[in-house]
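Architecture at a glance
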Amino acid sequence: MITPLRFLQLCVLSIVLPTTSATTASASMLSGGEDGLHAEILRDEAVARLNQLGKVSDADGYLERTFMSPASVRAASLIRAWMEDAGLTTWVDYMGNVHGRVEGLNASAEALLIGSHLDTVVDAGIFDGSLGIISAISALKVLKSNGTLTNLIRPVEVIAFSDEEGVRFQSTFLGSAAVAGILPVSALQISDKSGVNVQDALRENSIAITEENLFRLKYDPQSVWGYIEVHIEQGPVLEWVGFPLGVVKGIAGQTRLKITVRGTQGHAGTVPMSLRQDPMAASAELIILLESLCKSPKDFLSYDGHCNDSTVESLSNSLVCTVGEISTWPSASNVIPGQVTFTVDLRAMDDMGREAALYELSNRMYEICERRSVSCIIERKHDANAVISDSELTSELKFAANAALKRITGEIQDEVPVLMSGAGHDAMAMSHLTKVGMLFVRCRGGVSHSPAEHVLDDDVWAAGILSQEQGKSTEDLAHVLAELAKSHSLDDKYCSPFAELLLWLKNLTREEEMIELQ
Ligand code: GLV
Ligand code: MN
Ligand code: MN
């Protein structure tokens, strides 16, 4: 973890280190020729594409793209065209995922998969999901322009997954779970609020999903080498420590619930308070219970031995709960509602602890509903266990990033950010298929799932790493990353995942023994 001392060191360094080398480097890198081309692809074009994709929305005035919506279909076409522009062979699969692939010199070698999601939340930012897709495509486009795209040792496939947020069907990872082979056929029958199910939503778009086709979507684990996902951090840590990139060690497990509370609908002016069975007031109490339990799980869990101390400790540090959606019927100011429905999103690093919290929560919710004479139905809509990134992928990245920091500070004990992710990612589903590794990119103010979400343009780093890569193709990963991080930390305004991707892709062009991480 980043200590306060470490944070101070980084702040001081960013103030005292001279910026001339980074400035000079970027000026020369951007001065045209090959370097100019790369900056154009990796910065200008990528940022333009993020903005363009950010306008592909089902709503007027804000960004919303849910599974198989008209805007999602338009976004998929755009992404497919960009993949083809990068020299990839493309297709859309039975779950609406868009794939772009380049074969390796050894066509039977296991493929590296790189991906993220093309759907969004409601009133979303433009980077969540899209950043990982566009950065992968841009990196491959640079290799195409270098003439090295067809020299990759193993196949590389970019996948834009059709559903990670789960907004429309309340069931996340429809796209990546299908590729990983963990999507149950029952998922095809889940309905959205207007009664359209997943299968119908696909068929409306001429995608002939059947149970058999769903099974065909599963990749053979023998054909896959690993999965990498680049993603906006969606939290404040990287910005706090002044570092543009972080390595993701693991992803919290999550559960989504739908709670339906039914009472007695009535007239707001005539039913005495003591005679009401009001599901709205009951819901308010249930939501406060949720907040209290998640703020202080030890007050709810430790006393009767559900959990051992380490589980309670882990929950105290990581349990987060949210009610993000609530609806009432009939929803009028002069009517006591007959029914209230709300969602619960509950996440924790410790799966056993999450189960214990859910158990305790459900029991106490039923007690409240009974006391208030309302009925209470608790449905589990989604579950994903916590995922730990592949240790070798992670330690390669950590080693490289540590070397980078050492070069900046001259000190050996420096630690780069290695983060746990509270946000869910397609990597969770893909971990059922293959080893996964994730890179986080600093975001402004740690804000995400909001139109305020922002990653600053990278006008130095991407071009810098490409120049270095060209001259240093035989040098080791750590050294290249060190150069990259060095120039980046000197110019704290920028962050970009492109260089990381290029680094990985570049690895694939090296001799097999140099790149073998397994
Ligand atoms: C996805 O962004 C999630 O964590 O809900
Ligand atoms: Mn998201
Ligand atoms: Mn995301």
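Residues numbered from 1 in each chain as written. Chains lettered and ligands numbered in written order. Predicted model: local features only at pLDDT ≥ 70, side-chain atom pairs only at ≥ 80, totals over all residues. Heavy atoms only, no water.

Named according to an unreviewed UniProt entry, the protein chain is Peptidase M20 dimerisation domain-containing protein originating from Salix suchowensis. UniProt, in the comment section headed Cofactor (unreviewed entry), describes the protein chain in these words: "Mn(2+)". UniProt, in its Subunit (unreviewed entry) section for the protein chain, records the words "Homodimer." (UniProt positions renumbered as here; feature names shortened; annotations may be inferred.)

So, about the overall build of the protein chain. Looking only at helices and strands, the protein chain features 19 helices and 16 strands. Expressed as a percentage of its 518 residues, the buried residues of the protein chain come to 56%. The contacts of the protein chain with a sequence gap of at least 6 include a subset with a gap of at least 24, amounting to 79%. Working note: accessible area of the protein chain is about 21,300 Å², and carbon and sulfur atoms make up 54% of it. (Helix = DSSP H or I, 4+ residues; strand = E, 2+ residues; numbered from the N terminus. Buried < 20%, exposed > 50% of the residue type's maximum accessible area, 1.4 Å probe, protein only. Contact = heavy atoms within 4.5 Å. Areas by Shrake-Rupley, 256 points an atom, 1.4 Å probe, with all protein chains shown as cover.)

We now examine unusual backbone geometry. The step from tryptophan 329 to proline 330 runs through a cis peptide bond, and the omega angle for that step is 5 degrees. With respect to the element layout, proline 330 can be found in the loop between strand E10 (326–329) and strand E11 (335–336). Positioned with a positive phi, methionine 68 is a non-glycine residue whose angle comes to about 60 degrees. Here methionine 68 lies in the loop between helix H3 (33–53) and helix H4 (70–85). A positive phi is found at aspartate 123, a non-glycine position, where the angle reads about 60 degrees. Checked against the element boundaries, aspartate 123 lands in the loop between strand E3 (111–117) and helix H5 (130–146).

Summed over all chains, the structure comprises 2 aromatic pairs. Centroid distance phenylalanine 67 to phenylalanine 169: 5.9 Å. Interplanar angle 75 degrees. Geometry classified as edge-to-face. Of this pair, phenylalanine 67 sits in the loop between H3 and H4 while phenylalanine 169 sits in the loop between strand E4 (156–161) and helix H6 (174–180), and the two are 102 residues apart along the sequence. When sorted by exposure, phenylalanine 67 lands in the same class as phenylalanine 169, which is buried. Measuring from ring centre to ring centre gives 6.2 Å for phenylalanine 161 and tyrosine 227, while their planes differ by 55 degrees; the resulting arrangement is tilted. (Phe/Tyr/Trp six-rings, centres within 6.5 Å; stacked < 30°, edge-to-face > 60°.)

What follows concerns the coordination of the manganese ion (ligand 3). Protein ligation of the manganese ion (ligand 3) involves His117 (NE2), Asp128 (OD) and His231 (NE2), the donor distances falling in the range 2.0 to 2.2 Å. Positions of the donor residues of the manganese ion (ligand 3), expressed as sequence spacing, correspond to H-x10-D-x102-H. Taken as a pair, the manganese ion (ligand 3) and the manganese ion (ligand 2) show a spacing of 3.5 Å, with aspartate 128 coordinating each metal. Highlighted residues: aspartate 128 in the loop between E3 and H5 and histidine 231 in strand E5 (residues 224–232), separated in sequence by 103 residues. Judged by relative accessible area, which is 5%, aspartate 128 ranks as buried. (Donors = N, O, S within 2.8 Å, 3.2 Å for Na, K, Ca; no water.)

Moving on, we come to the layout of surface pockets. Estimated volume of the second largest pocket: approximately 570 Å³. For the second largest pocket, the lining is made up of 24 residues, of which Arg168, Gln170, Asp192, Lys193 and Glu325 are closest to its centre. Of all the elements in the fold, those that place two or more residues in the lining of the second largest pocket are strand E7 (253–262), E10 and strand E12 (339–348). Split into classes, the residues belonging to the lining of the second largest pocket amount to 8 nonpolar, 9 polar and 7 charged. (1 Å grid on protein atoms, 1.4 Å probe; cavity = no way out; pocket = protein on both sides within 12 Å on 5 of 7 lines; lining within 4 Å. Points joined across faces, edges and corners; volume = space filled by probe spheres on them. Nonpolar A, V, L, I, M, F, W, Y, C, P; charged D, E, K, R; others polar.)

By secondary structure assignment, the location of serine 69 is in the loop between H3 and H4. Serine 69 gets classed as buried once you look at its relative accessible area, which sits at 6%. For serine 69, the residues in contact, after removing those within four places along its chain, are Asp58 and Arg168.

Turning our attention to the nonpolar core. Within the largest apolar cluster, 44 residues are counted, with the highest numbers of intra-cluster contacts made by Ile79 and Ile137. Listed by contribution, the elements that provide at least two residues to this core are H3, H4, strand E2 (98–102), E3, H5, E4, E5 and strand E16 (436–441). The element contributing the most residues to this core is H5, with 7 residues. With near-sequence residues (within four places) excluded, isoleucine 137 lies in contact with Arg49, Ile79, Trp82, Met83, Ala86 and Val158. (Core = buried A, V, L, I, M, F, W, Y, C linked by side-chain atoms within 4.5 Å.)

This part covers the packing of helix H10 (residues 279–295) against helix H13 (residues 351–371). For any two helices packed against each other, one specifies the crossing angle of their axes together with the interaxial distance. Put simply, H10 and H13 touch, their axes get as near as 10 Å, and they point 150 degrees apart. Relative to H13, H10 is oriented roughly antiparallel. Like other packed secondary-structure pairs, H10 and H13 cross with a definite hand, here right-handed. Mapping the contact onto sequence places Glu285, Leu286, Leu289, Leu290 and Leu293 in H10 and Ala357, Glu360, Leu361, Arg364, Met365, Ile368, Cys369 and Arg371 in H13. A per-class count over the contact of H10 with H13 returns 9 nonpolar, no polar and 4 charged. (Axes fitted to C-alpha atoms, helices over the stretch in contact; angles between N-to-C directions. Parallel < 35°, antiparallel > 145°, perpendicular 65-115°, else oblique. Left-handed = near helix turned anticlockwise from the far one by under 90°.)

Looking at the manganese ion (ligand 2), one finds its protein donor set to be Asp128 (OD), Glu165 (OE), Glu165 (OE) and His449 (NE2), positioned 2.0 to 2.7 Å from the metal centre. According to the relative accessible area criterion, histidine 449 is partly exposed, its value standing at 40%.

Here the focus is the pattern of salt bridges. One pass over the structure, following the stated rule, counts 22 salt bridges. The partner of glutamate 325 in a salt bridge is lysine 193, and the shortest N-O contact between them spans 2.6 Å. Of the two residues, glutamate 325 sits in the loop between strand E9 (320–322) and E10 while lysine 193 sits in the loop between H6 and helix H7 (198–203), which places them 132 residues apart along the sequence. Accessibility expressed as a relative area gives 30% for glutamate 325, which makes it partly exposed. (Salt bridge = Lys/Arg side-chain N within 4 Å of Asp/Glu carboxyl O.)

This part is about H4. With 16 residues, H4 extends 23 Å between its outermost C-alpha atoms, agreeing within 8% with the 22 Å of an ideal straight helix rising 1.5 Å per residue. Of all the residues in H4, the buried ones are Ala71, Ser72, Ala75, Ala76, Ile79, Trp82 and Met83. Around the axis of H4, the buried residues are gathered within 140 degrees of arc, so they sit on the same side. (Expected span 1.5 Å × (residues − 1). Arc of directions from axis to C-beta.)

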